[in-house]
Amino acid sequence: MAQINRPLQDPAIFAQLYEQYHLAVFRFIYGLTGGPLHEVEDLTADTFLRAWKARGHFAGEPRAVLSWLLTIARHLVIDAARRRKSHPDEQLCAELDDYQQLLPVEAADSAEKQVIHHEQVRALLHRLSDLPAERRELLVLRYMLGWRVNEIAAHLGMPENTISVYLRRSLEQIRAHWPGEHG
Amino acid sequence: MNSDSDPTQPGSPSIEHIEHLLRSIQPLPSPRLYRLLASAPWQKRSVLVRAPKWAVGILLIGCILLASFLISAPLRAVARTWVQYFLPDRQDSMQVSLGDLSPPELSQVASAENFPFSVEQASRRAGFSVRLPDALLPGMSLVGARVEDHTASVVLLFTGAGYNLFLSQRPLDAGAEYFSIGSSAVVEEVWIAGIRGEYVSGGWVKQSGSPPTQSANSQDLHVQWDGLLPQHTLRWQSAGYAFQLRSTGSESPQKTDLIALAEALIR
């Protein structure tokens, strides 16, 4: 991948980075918040608008740009969560409504398999929301964005071993609290 | 991905299945997000504008020809636009000129006579070792290879039930190429054995009700980006080469299969 060799002030470079990273930022925010869709999109747009305003402060390479964007996104998510604290039920309902329309449909899967899969993902989203935000972020980076453990460690400034342990514990916690037959 | 637990059984899934579920959460934004940012400060100047017009034109023509023949069998697709990046246009429709297209380019259709070489012959002619996936999809077979001297590319044509699949590879130092997509096209970031790639569904099609217009030196076409066109493209770079997999046809392999093929190529 080409290295950034010009300042981010160049709109063309910024546009290229937007094209390259907007899905990752969108999914990161979705993973942290669980929806609703319009809020995830607003936060994604805000992330890039804020990055545009702050672009003069950035110097680095492509991977560092994404890390920088995700840091901005995380702050926006935290701010939004504070504002929304008085309406938690509203968020959950929106999350469940949104999920079906967000998932790409795999044509090869049977309708029954898709329903089961969606139900399991829905249960997983509930379990994710039970986790502390820091643990949720690790899972999102590792699985939804496909980062390696060493990349997460560099991004968060934590030891790789700690990341691995937290990931494992988070997965075990999700499993331990998985809904039963009627869940 | 490992999903060794039975998802139809109640109770806790395995850790591996939870990991699989987490990886499967790949939501896509709605068009609203793109509308929100359509007038963002960095969008005021499209990167496409900076590319030489003749290059953009030729590449667009490749996409259009590919799309135009999709409904006929066998699919007569043109795989002319082997590029490094997807470049979204500022809109979903445009007018392009066929005037600059040479006869050899027009003949690049997905038929065996246009892919006359073996992989070994193509490697010798191109001057680099052409890579083949170490596994193909069920029912998929290699038709042949073509060497495009002007882009230093080798294109392999594969065929399967209801689709054609083009695999192109070229050295990165052969220069940049561009792949134009509509403004509403969604470029998906994907990972291929740890390597970043880009995936797009859809293509340019001739606008219905707008026949080609003839002028003194060119033939113009009005084209429209169709995100539902059964055409799927995966692009990535590895070890100094640019690769592209493009499937066309009603049964064309989509993201998961293209990534699996790409991984079989990287191995």
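Residues numbered from 1 in each chain as written. Chains lettered and ligands numbered in written order. Predicted model: local features only at pLDDT ≥ 70, side-chain atom pairs only at ≥ 80, totals over all residues. Heavy atoms only, no water.

A. Expanded view of the overall build of chain A. Along chain A, the regular secondary structure elements total 8 helices and 0 strands. Taken from N to C terminus, the helices and strands of chain A fall in the order α-α-α-α-α-α-α-α. Looking at the 183 residues of chain A, the share that counts as buried comes to 51%. Long-range contacts, defined here as pairs at least 24 residues apart, represent 65% of the contacts in chain A between residues at least 6 apart. Of the roughly 9,000 Å² that chain A leaves accessible, carbon and sulfur atoms contribute 50%. (Helix = DSSP H or I, 4+ residues; strand = E, 2+ residues; numbered from the N terminus. Buried < 20%, exposed > 50% of the residue type's maximum accessible area, 1.4 Å probe, protein only. Contact = heavy atoms within 4.5 Å. Areas by Shrake-Rupley, 256 points an atom, 1.4 Å probe, with all protein chains shown as cover.)

B. Summary view of the confidence of the model for chain B. Residue and element names in this part refer to chain B. Confidence in the prediction of chain B, expressed as mean pLDDT, is 74, and 63% of residues score 70 or more. A low-confidence stretch, residues 45-50 (pLDDT under 50), is modelled with 13 contacts involving residues beyond four sequence positions or located in other chains. Across residues 99-107 the pLDDT falls below 50, and counting only partners more than four positions away or on other chains, this stretch makes 13 contacts in the model. Of the two predicted TM-score estimates for the complex, the pTM is 0.49 and the ipTM is 0.84. (pLDDT = per-residue confidence, 0-100.)

C. Just empty space enclosed by the protein, in detail. Residue and element names in this part refer to chain A. Enumeration over the complete set of coordinates arrives at 2 cavities of 30 Å³ or more. Computed from the structure, the second largest cavity encloses a volume of approximately 30 Å³. As for the second largest cavity, its lining consists of Leu8, Phe14, Leu17, Phe48, Val65, Trp68 and Leu69. Elements that contribute at least two residues to the lining of the second largest cavity include exactly α1 (11-33) and α3 (62-84). When grouped by side-chain class, the residues that make up the lining of the second largest cavity number 7 nonpolar, no polar and no charged. (1 Å grid on protein atoms, 1.4 Å probe; cavity = no way out; pocket = protein on both sides within 12 Å on 5 of 7 lines; lining within 4 Å. Points joined across faces, edges and corners; volume = space filled by probe spheres on them. Nonpolar A, V, L, I, M, F, W, Y, C, P; charged D, E, K, R; others polar.)

D. Broad picture of the interface of chain B and chain A. Contact residues are listed per partner, giving 44 residues for chain B and 53 residues for chain A. When chain B packs against chain A, the two sides together hide about 4,700 Å² of surface, and 63% of this comes from carbon and sulfur. Taken together, chain B and chain A are joined by 3 salt bridges. On the surface where chain B and chain A come into contact, there are 13 residue pairs in polar contact (both at pLDDT 80 or more). At the level of secondary structure, the elements contributing two or more residues to the side of chain B that touches chain A comprise α1 (15-24), α2 (31-36), α3 (47-50), β1 (85-88) and β7 (188-192) of chain B. The biggest single contributor to the side of chain B that touches chain A is α1 of chain B, with 8 residues. (Buried area = accessible area lost by both parts, 1.4 Å probe. Salt bridge = Lys/Arg side-chain N within 4 Å of Asp/Glu carboxyl O. Polar contact = N/O pair within 3.5 Å; in protein donor to acceptor, adjacent residues only side chain to side chain.)

E. Looking closely at the packing of helix α6 (residues 133-144) of chain A against α1 of chain B. The interhelical angle for the contact between α6 of chain A and α1 of chain B, taken along N-to-C directions, is 80°, at an axis separation of 8 Å. Relative to α1 of chain B, α6 of chain A is oriented roughly perpendicular. Residues Leu139, Arg142, Tyr143 and Met144 of chain A of α6 of chain A form the contact with α1 of chain B, whose own contacting residues are Glu19, Leu22 and Arg23 of chain B. Here the residues of the contact of α6 of chain A with α1 of chain B are counted per class, giving 4 nonpolar, no polar and 3 charged. (Axes fitted to C-alpha atoms, helices over the stretch in contact; angles between N-to-C directions. Parallel < 35°, antiparallel > 145°, perpendicular 65-115°, else oblique.)

F. How the structure looks around helix α2 (residues 37-53) of chain A. Compared with the 24 Å implied by 1.5 Å per residue over 17 residues, the 24 Å span of α2 of chain A between its first and last C-alpha is a close match. For α2 of chain A, the full list of buried residues reads Leu37, Glu39, Val40, Glu41, Leu43, Thr44, Ala45, Thr47, Phe48, Ala51 and Trp52 of chain A. (Expected span 1.5 Å × (residues − 1).)

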